[in-house]
Amino acid sequence: MPEIDSLRYPVGPMPRRKESLDRTTRQQYIDAIADTPARFRSLVSERSDRELDTPYRPGGWTVRQVVHHVPDSHMNAYIRMKLAVTEDGPAIKTYEEGLWAELPDGKSGPVEMSLALLEALHGRWVAFLRGLPDSAFAKSFTHPEWGRVSIDEALGMYEWHCRHHAAHIAQGLAAATA
């Protein structure tokens with residue numbers, strides 16, 4: 001893997017696991033989502049603006065932008081999963097995440113507001129997921145680029161997303177102190 005790709009995908013590329021998850025794996029993924037807000041908080045607490053405004057790779061977002069991106073992305077994921085459970089294979093809309101990251105709240109807002117949002121959002125998301133019967137994890141939404149995505153598949157993708165961006169934050173902070 002070229003160096004820029006290893007910086008872009010420090011935990012490897014996003015998985016597209018089409019088979020249903022077993023209960024143990026599903027629970028591990030839900031637990032990882034539950035643990036993510038505390039992990040992010042521990043990574044960025046007590047950090048200076050200089051550290052937070054350091055990109056995690058050349059041409060990449062800053063640590064601050066990554067922290068703000070994750071609740072933006074996970075709000076969409078939570079809503080997509082709820083739509084999948086309550087509707088019959090709904091088509092969902094994408095969003096321009098790169099443009100969202102350039103908006104004032106994403107580019108220069110205090111990270112505390114996104115950490116608080118992530119804690120509340122993940123609390124709701126985990127309660128929702130833990131309350132679903134096993135059969136609900138086969139329900140799906142249709143993404144314009146990804147096609148049909150079951151809740152099980154999305155769960156795997158967003159567990160990866162948590163690890164992926166935690167690694168980006170760690171990279172950016174390491175670069176800031178190098």
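Caption draft 1: Geometry of the overall build of the chain. For the chain, the count of helices and strands is eight helices and two strands. Counting from the amino terminus, the chain carries its helices and strands in the arrangement α-α-α-α-α-α-α-β-β-α. The principal-axis extent of the C-alpha atoms belonging to the chain is close to 50 × 35 × 30 Å. For the chain, the proportion of contacts with a sequence separation of at least 24, taken over those separated by at least 6, is 78%. Summing over all exposed atoms, the chain offers an accessible surface of approximately 8,900 Å²; the carbon and sulfur share of this is 55%.

Caption draft 2: Structural view of the nonpolar core. Counting residues in hydrophobic clusters, the biggest one holds 25 residues, and the most contacted among them are Met81, Trp125, Phe128, Leu129, Phe137 and Leu155. Contributions of two or more residues to this core are made by helix H2 (23-44), helix H4 (63-86), helix H7 (111-131) and helix H8 (151-177). For phenylalanine 128, the residues in contact, after removing those within four places along its chain, are Tyr78, Met81, Lys82 and Val85. Val44, Val67, Val70 and Leu115 belong to the second largest nonpolar core, which has 17 residues in total.

Caption draft 3: Region of interest: unusual backbone geometry. The phi dihedral of glutamate 46 falls on the positive side, at around 65°, and the residue is not glycine. Along the chain, the position of glutamate 46 falls in the loop between H2 and helix H3 (49-52). With relative accessibility at 80%, the residue glutamate 46 sits in the exposed group.

Caption draft 4: A look at the packing of H2 against H7. At a minimum axis separation of 10 Å, H2 and H7 run at an interaxial angle of 165°. In terms of axis orientation, H2 runs roughly antiparallel to H7. The two elements H2 and H7 cross, and the hand of that crossing is left-handed. Along its contact with H2, which presents Gln27, Ile30, Asp31, Ile33, Ala34, Thr36, Pro37, Phe40, Arg41 and Val44, the element H7 presents Val111, Glu112, Leu115, Ala116, Leu118, Glu119, His122, Trp125, Val126, Leu129 and Arg130. Class assignment for the residues of the contact of H2 with H7 results in 13 nonpolar, three polar and five charged.

Caption draft 5: Structural context of the environment of leucine 118. Within the secondary structure, leucine 118 sits in helix H7. Look at leucine 118 and you get buried, because its relative accessible area is 1%. If sequence neighbours within four positions are ignored, leucine 118 has contacts with Thr36, Pro37, Phe40, Val70, Pro71 and His74.

Caption draft 6: Inspection of the side chain of glutamate 153 at higher detail. Tracing the sequence through the fold places glutamate 153 in helix H8. Among all residues touching glutamate 153, those that are not within four sequence positions of it are Arg16, Arg17, Lys18 and Arg148.

Caption draft 7: Looking closely at the packing of H4 against H7. The geometry of H4 relative to H7 is characterised by a closest axis approach of 9 Å and an angle of 25° between their N-to-C directions. The angle between the axes of H4 and H7 places the two elements in the roughly parallel class. Read as a crossing pair, H4 and H7 show a hand that is left-handed. Where H4 approaches H7, its residues Arg64, Val67, His68, Val70, Pro71, His74, Met75, Ala77, Tyr78, Met81, Lys82 and Val85 are matched on the opposing element by Val111, Met113, Ser114, Leu115, Leu117, Leu118, Leu121, His122, Arg124, Trp125, Phe128 and Leu129. Taken together, the residues of the contact of H4 with H7 sort by class into 17 nonpolar, four polar and three charged.

Quick notes on the rules
Residues numbered from 1 in each chain as written. Predicted model: local features only at pLDDT ≥ 70, side-chain atom pairs only at ≥ 80, totals over all residues. Heavy atoms only, no water. Helix = DSSP H or I, 4+ residues; strand = E, 2+ residues; numbered from the N terminus. Contact = heavy atoms within 4.5 Å. Areas by Shrake-Rupley, 256 points an atom, 1.4 Å probe, with all protein chains shown as cover. Core = buried A, V, L, I, M, F, W, Y, C linked by side-chain atoms within 4.5 Å. Buried < 20%, exposed > 50% of the residue type's maximum accessible area, 1.4 Å probe, protein only. Axes fitted to C-alpha atoms, helices over the stretch in contact; angles between N-to-C directions. Parallel < 35°, antiparallel > 145°, perpendicular 65-115°, else oblique. Left-handed = near helix turned anticlockwise from the far one by under 90°. Nonpolar A, V, L, I, M, F, W, Y, C, P; charged D, E, K, R; others polar.

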